[in-house]
Amino acid sequence: MPAKSERIRTHSAIRPPDTRRQHGIQTRGHNGPEERPLKPDTPRPLRLLATLLVAWLAAQACVHLNTPLPWMIGPLLSTAALSIAGAPLLSSRRLRNGGQWIVGTVLGLYFTPAVAAQSLALAPWMLLGALWALLMGFLFGRWLLWSQPAGTVDATTAYFASVIGGASEMAAFAERVGARVDLVAAAHSLRVMLVVLVIPFGYQGLGLHGHDPAAISRVGVQPMGLVLLGLATAAGALAMHALRQPNPWVLGSLLVALGLTASGVELSAMPGWLSATAQLSIGISLGTRFTPAFLHTAPRWLAATAIGTLGMIAASAGYAWLVAQATGLVPATVLLGNSPGGIAEMCITAKVLDLGVAVVTGFHVVRYVIVLVLTGPVYARFVRPHPH
């Protein structure tokens, strides 16, 4: 029996990603990310306005300090710290979805005909990257299971907490099979936050940027074209959402913008302020998942997640160097495409640092699809307890 201080408590320390509700899934013991029971007398619009103000001020501070990805890292750190401290901050699902829609659209604009052809040529390496993610996830899961006191974490929880990609979908899977959703959500959110912080700051410290810029729209910002582009990509996102596809706001808008750009149709570029707004909304979405209970729940689990994440980053750096030697790509670009981070966060990093946005996006989209397709079958075949 583990010591009381090492037992993993059952209350949630972190809000699971809220996209599970769009799949009709409710989380036991959670009111959802927009219903934190703190100061219920505070009007919701006021809480959202205060959250946006905090995030904007933090972004401005990061711009002044010349930090990497200031419009995402500033809001992420400020809202996470205040949320853990008990401030009644509020994330908006519509704001987050809008940010993801803009990010998907921006990423699709990088796939000019020449860049799309280059990405197709790299398809075998993208498939290999998906296998690398599956291997990392397997080893990460074994590490999480081994690091915890016997009997405190089951194999199912460790498995869904360790899959690289689809954090919202993994929490939904975990809910359906009766795993510890709070631990799964905590592991994914902490992993993504660490990757978002470690890699951009590491790149800035090493001076890694601007080596492999992808050509983007030559037409500039065209008001009417921007409206048409927005309508088309919003339709794609809404269609994916109606079909209950995962991550519809990124993938739906990305596929439409990619199809238009790869076909030579250039309607408009994306204004810089819209891109910054998207990063701010994603930073808020990541930061406000944390609750005051986060630091007090399962410290050993959180420590193991952090150590495992740093190990995966280091291993991915070595893997990226090998792939770069074989393909002639820039190692920094390959690492962004094969890191244990999320698609939106890593592609934003590639965009801000001009590190092969289309290549990074291609690696992540292929990995995302393959991981989601194989997660269920792998669980059923190798992880799910079978009656004797």
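Q: Can you explain the layout of surface pockets? Please cite residues and give values.
A: Roughly 380 Å³ of volume is contained in the largest pocket. Lining the largest pocket are 19 residues, with Gly137, Phe138, Tyr159, Val378 and Val383 positioned closest to its centre. Considering every element that reaches the lining of the largest pocket, the biggest residue donor is helix H5 (residues 123–147), with seven residues. Across the lining of the largest pocket, the residue classes tally to 14 nonpolar, four polar and one charged.

Q: Tell me about the side chain of Thr309, and name the residues and values.
A: Secondary-structure assignment places Thr309 in helix H12 (residues 299–327). In contact with Thr309, not counting residues within four places along its chain, are Phe140, Arg191, Leu194 and Val195.

Q: I'd like a description of the pattern of salt bridges, backed by residues and values.
A: Inspection of the entire model under this criterion finds one salt bridge. Arg180 is the salt-bridge partner of Asp182, the closest N and O atoms lying 3.0 Å from each other. On the accessibility criterion, Asp182 (6% relative accessible area) is buried.

Q: Give a description of helix H2 (residues 70–84) that names residues and reports values.
A: The end-to-end C-alpha distance of H2 is 21 Å, a good match for the 21 Å that 15 residues give at a rise of 1.5 Å each. Residues of H2 that are buried: Pro70, Met72, Ile73, Gly74, Pro75, Leu76, Ser78, Thr79, Ala80 and Ser83. Elements that come into contact with the buried residues of H2 comprise helix H1 (44–65), helix H8 (181–206), helix H11 (272–287) and helix H14 (343–353).

Q: Before we move on, can you summarise the nonpolar core with the specific residues and values?
A: Ranked by internal contacts, the top residues of the largest apolar core, which has 90 residues, are Tyr203, Trp301 and Leu336. Among the elements that make up this core, the one with the highest residue count is H8 (14 residues).

Q: Tell me about the confidence of the model for the chain, and name the residues and values.
A: Regions with low pLDDT should not have their predicted coordinates read in detail. Mean pLDDT over the chain: 83, with 86% of residues reaching 70 or higher. Predicted confidence for residues 1–38 stays below pLDDT 50, and this span has 113 contacts to residues more than four positions away or in other chains.

Q: Please set out the packing of aromatic side chains residue by residue, giving values where relevant.
A: For the coordinates displayed, the defined rule picks out six aromatic pairs. Plain terms: the ring middles of Trp132 and Tyr319 are 4.5 Å apart, the flat faces sit at 5° to each other, and that makes the pair stacked. Taken together, the residues span a long stretch of sequence, with Trp132 in helix H5 and Tyr319 in helix H12 at a distance of 187 residues. Looking at Trp132, the relative accessible area reads 17%, which means it is buried. Considering the side-chain rings of Phe160 and Tyr379, the 5.1 Å spacing of their centres and the 45° angle between planes classify their relative orientation as tilted. In this pair, Phe160 is assigned in helix H6 (residues 155–162) and Tyr379 in helix H15 (residues 357–383), connecting sequence segments 219 residues apart.

Q: Tell me about the environment of Ala50, residues and numbers included.
A: With respect to the secondary-structure elements, Ala50 resides in helix H1. Given the relative accessible area of 34%, Ala50 is considered partly exposed. Counting along the chain gives 39 residues from Ala50 to Leu89, while the straight-line C-alpha distance between them is 7.2 Å.

Q: Break down the environment of Arg300 for me, with residues and values.
A: By secondary structure assignment, the location of Arg300 is in helix H12. Exposure remark for Arg300: the relative accessible area of 38% places this residue in the partly exposed category. Between the C-alpha atoms of Arg300 and Leu144, which are 156 residues apart in sequence, the distance is 9.6 Å.

Thresholds, definitions, all that
- Residues numbered from 1 in each chain as written.
- Predicted model: local features only at pLDDT ≥ 70, side-chain atom pairs only at ≥ 80, totals over all residues.
- Heavy atoms only, no water.
- 1 Å grid on protein atoms, 1.4 Å probe; cavity = no way out; pocket = protein on both sides within 12 Å on 5 of 7 lines; lining within 4 Å.
- Points joined across faces, edges and corners; volume = space filled by probe spheres on them.
- Helix = DSSP H or I, 4+ residues; strand = E, 2+ residues; numbered from the N terminus.
- Nonpolar A, V, L, I, M, F, W, Y, C, P; charged D, E, K, R; others polar.
- Contact = heavy atoms within 4.5 Å.
- Salt bridge = Lys/Arg side-chain N within 4 Å of Asp/Glu carboxyl O.
- Buried < 20%, exposed > 50% of the residue type's maximum accessible area, 1.4 Å probe, protein only.
- Expected span 1.5 Å × (residues − 1).
- Core = buried A, V, L, I, M, F, W, Y, C linked by side-chain atoms within 4.5 Å.
- pLDDT = per-residue confidence, 0-100.
- Phe/Tyr/Trp six-rings, centres within 6.5 Å; stacked < 30°, edge-to-face > 60°.

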